Amino acid sequence: MLQLTSDNNWKKLGEHHVNSEHDIVSVRQLIRYYAKEMNMGIIDQTRITTAVSELLRNMYNYGGGGEVHVETGLVDEKQTLIVTCIDEGPGIEDLELAMSDGYTSGKGMGYGLPGAKRLVDRFEIKSERNKGTTVRIMKWK
Amino acid sequence: MNNEMHEKRIPIIKIGNFLIVSIQVDMHDKLAIQLQSQILEEIEKTGAKGVLIDISVLEMVDSFIGRMLSGMASMAAIMDAAVVIVGMQPAVAITLVELGLEMPGVDTALNMEKGMEMLERRLEEEDYEL
Amino acid sequence: MSEKNNIDQKKDRIDHIENVLASVAAGDIDARINSDIEDDLSGIEAAIDLLIDDLTDELKQREKMQKEVEDKLVKIQEQQKVIFQQQSDLLELSSPVSKVWDNVLILPVIGTLDSQRTQVMMENLLEKIVETGCTIAILDITGVPTVDTQVANHLLKTVTSARLLGAECIISGISPAIAQTIVHLGIDLSSIKTKATLQDAMIYAMKQNKRSENVKLQSLFTDYDKREE
Ligand SMILES: Nc1ncnc2c1ncn2[C@@H]1O[C@H](COP(=O)(O)OP(=O)(O)OP(=O)(O)O)[C@@H](O)[C@H]1O
Ligand SMILES: [Mg+2]
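Novice: What am I meant to see in the domain arrangement of chain C here?
Specialist: As assigned here, chain C comprises domain 1 (2–69) and domain 2 (98–223). A C-alpha centroid distance of 81 Å is found between domain 1 of chain C and domain 2 of chain C.

In structure tokens:
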């Protein structure tokens, strides 16, 4: 199984639960705050906030809610904001399909996952049937 | 929770033939859907011919809000009302495009004045054709 | 002085020489023999002291040089930083957006476009559109020799984003070479307005301007007609 990039030197910024639509709003606002604190440019702030919003909604809609871990640290020698969304939902059966533009199992538009990937510098996803899904995204300054 | 949603109700103002909606909060999904129905109901009630949706203070539009806005435009069009999205921030526009939402068929304007002009022009053109 | 004492004393002095040499070797460059006895050994002692002097002088010289080199390196690094900053300033300067006349912005692009420069350009243009309220922007790429997929996509993204803001972005000056590349790369530019020359683009912009002016005039007339009735 694919291993997510991680580093003991990363600094933990926060851990948040997402169990309601309100949580989606407040957590994405926090992400904006962290990105601003890191002195990220306005467009990159918007990119990571929007990508996280997509992941949170998936987590809430398909994964029955979950947790978000926010960290900061060096990735490829660049100051990076790392956001990890973890749920213990049904998992994604066909990752390749889920990552393709326009695929939705529900009534979305199917742009959440592939779009989020385009908005960040690094995108890692790990999913196991009946165990859950973890998505880790990274954006550097 | 229901109360909270009521508090956040987004006001819709009617000026002349048009409705003006200014979205001032980061909307959660239910609020976005609620706004959609609210606007459609208002179009029916007032017979408005156009809707200006000002999103200049929105710092983020994700696929859900984007879908709500373009859906709004198509639905209003069926009811014979034109929708113009006004004042989108550059960072929001770039992000939407990268996300994959180009919102084809949705009319946009740089500011309220231009949006109003656009709607008026639309009405004039219709009059002219008659 | 007995012969034995003499030998012992010399032994001590030789030990001392050894000690001093060991100290110097260990880095104590101030260690010297400094003997004040005058005999057949003192010549050697003085010679060794001189040798140590030379050696330590050289060592000091080298240390000084090393420090100078390090200082220079720091200076060069600082200069590099300045140059880097200037380059990124230039990046912005090299894509000057100007409002040519009412409602129309022109961004002439000259030189090779890389992904980063196109990105900066896009951001500048969009900011400028919002700032000036101009609804037509002309991106003239006459001065651009070639584009690659990434750059073409950035251009496309610029046009689409501008539309979302409420402005129309026209690309002019697409050379035959670029047209060929774009089609070969399979990039679909059919959704955006392209014009052969900057002049064509300006004429188009003027017509667009007039069109909206006309509608405005039209509505004035209808208002006037209504009043007349
Ligand atoms: N956390 C998750 N757990 C289980 N399945 C998921 C999860 N995230 C995504 N999926 C599956 O992957 C599909 C694609 O997700 P994606 O976000 O790209 O589109 P969508 O959510 O269906 O639509 P949109 O995001 O455009 O509203 C989903 O329809 C869903 O089946
Ligand atoms: Mg989704």
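After that view, the rundown keeps rolling.
Novice: Could you clarify how one ought to interpret helix 2 (residues 42–62) of chain A in this entry?
Specialist: What sets the pattern is the α-helix's 3.6 residues per turn: residues three or four places apart point alike. Residue and element names in this part refer to chain A. End to end, helix 2 covers 30 Å across 21 residues, agreeing with the expected 30 Å (1.5 Å per residue, within 8%). Where burial is concerned, most of helix 2 is hidden: 17 out of the 21 residues are buried. Backbone geometry just after helix 2 places Gly64 at a positive phi near 70°.

Novice: Any chance you could explain the sheet that holds strand 1 (residues 11–18) of chain A here in plain terms?
Specialist: Within a sheet, each strand pairs with its neighbour through backbone hydrogen bonds, oriented either parallel or antiparallel. All names here are of chain A. Ordered by their spatial adjacency, five strands build an open sheet running 1-2-3-5-4, and the pairing between neighbours is antiparallel. The strands lining the two open edges of the sheet, one partner per strand, are strand 1 and strand 4 (122–128). Strand after strand, the sheet turns through a mean of 15° between neighbouring axes, direction not considered. Here seven bridges tie strand 1 to strand 2 (residues 66–75), and the two strands are oriented antiparallel to one another. When the sheet's bridge partners are listed, Glu15 is paired in strand 2 with His69. Together, strand 1, strand 2, strand 3 (78–87), strand 4 and strand 5 (132–140) form the strand contacts of helix 2, whose direction differs from that of strand 5 by roughly 175°.

Novice: Which parts of the structure should I look at to understand the pairing of strand 4 of chain A?
Specialist: Each regular strand carries side chains that alternate between the two faces of the sheet. Residue and element names in this part refer to chain A. With seven bridges connecting them, strand 4 and strand 5 associate as antiparallel partners. Bridge pairing in strand 5 places Ser127 opposite Thr133. Taken together, strand 4 and the strand that follows it, strand 5, pair antiparallel across an intervening segment of three residues, in which Asn130 is found at a positive phi of about 60°.

Novice: Please clarify how the interface of chain C and chain B should be interpreted in this entry.
Specialist: A common measure of how large an interface is: the accessible area buried when the components associate. Each partner contributes to the interface: chain C provides 24 residues, whereas chain B provides 23 residues. Of the roughly 1,900 Å² buried where chain C meets chain B, counting both sides, 65% is carbon and sulfur surface. One salt bridge connects B:Glu98 with C:Lys157, and the closest N-O pair in it is separated by 2.5 Å. Examining the composition of the side of chain C that touches chain B, we find that seven residues originate from one element, helix 6 (residues 198–228) of chain C, more than from any other. Classifying every residue of the side of chain C that touches chain B by side-chain character gives eight nonpolar, ten polar and six charged.

Novice: So what exactly am I meant to see when it comes to the packing of helix 4 (residues 112–119) of chain A against helix 4 (residues 90–99) of chain B here?
Specialist: Geometrically, a packed helix pair is captured by the angle between its two axes and the distance between the axes. Where helix 4 of chain A meets helix 4 of chain B, the closest approach of the two axes is 8 Å, and the angle between their N-to-C directions is 125°. Here helix 4 of chain B runs oblique to helix 4 of chain A, going by the angle between their axes. Across the interface between the two elements, A:Gly115, A:Ala116, A:Arg118 and A:Leu119 of helix 4 of chain A pack against B:Thr95, B:Glu98 and B:Leu99 of helix 4 of chain B. Partitioned by chemical class, the residues of the contact of helix 4 of chain A with helix 4 of chain B number three nonpolar, two polar and two charged.

Novice: I keep staring at the interface of chain A and chain B and nothing clicks. Help me out?
Specialist: Between chain A and chain B, the contact holds 25 residues from the first and 24 residues from the second. Across the interface of chain A and chain B, roughly 2,200 Å² is buried in total on both sides, 54% from carbon and sulfur atoms. Of all residues in chain A, the largest losses of buried area upon contact with chain B belong to A:Glu21, A:His22 and A:Met109, amounting jointly to 27% of the total for that side. Inspection of the chain A/chain B interface yields seven salt bridges. B:Asp62 is the salt-bridge partner of A:Arg28, the closest N and O atoms lying 3.4 Å from each other. The interface formed by chain A and chain B contains 15 residue pairs in polar contact (both at pLDDT 80 or more).

About the thresholds
Along each chain, residue indices are assigned from 1 in the same order as the chain's sequence is written. As a convention, the first chain written is A and the first ligand written is 1, with the rest following in written order. Predicted model: local features are reported for residues with pLDDT of at least 70 only, side-chain atom pairs are reported and counted for 80 or more only, and whole-chain, interface and lining totals are derived from all residues. Hydrogens and water are ignored here; the side-chain numbers use all heavy atoms of the structure. Where each domain begins and ends is defined by an automated method or by a domain database. Every helix listed is a DSSP run of H or I at least four residues long, and every strand listed is a run of E at least two residues long, numbered separately from the N terminus. Here the expected length of a helix is defined as 1.5 Å per residue gap, with one fewer gap than residues. Only protein chains enter the accessibility calculation, which uses a 1.4 Å probe. A residue is then buried if its area is under 20% of the maximum for its type, exposed if over 50%, and partly exposed in between. Two strands qualify as a pair provided DSSP detects at least 2 bridges between them. Axes here mean lines fitted to C-alpha atoms, for a helix over just the part in contact, with angles spanning 0 to 180 degrees between N-to-C directions. Any two residues whose heavy atoms approach within 4.5 Å are treated as being in contact. A quick way to say it: buried area is the sum, across both parts, of accessible area lost when two parts are put together, with a 1.4 Å probe. We define a salt bridge as a side-chain nitrogen of Lys or Arg found within 4 Å of a carboxyl oxygen belonging to Asp or Glu. When residue character is reported, Ala, Val, Leu, Ile, Met, Phe, Trp, Tyr, Cys and Pro are called nonpolar, Asp, Glu, Lys and Arg charged, and the others, Gly included, polar. With respect to orientation, any angle under 35 degrees is reported as roughly parallel, any angle over 145 as roughly antiparallel, any angle of 65 to 115 as roughly perpendicular, and every other angle as oblique. Pairs of N or O atoms are called polar contacts if they sit within 3.5 Å, as long as, within protein, a hydrogen donor faces a hydrogen acceptor (for residues adjacent in sequence, only side-chain-to-side-chain pairs).

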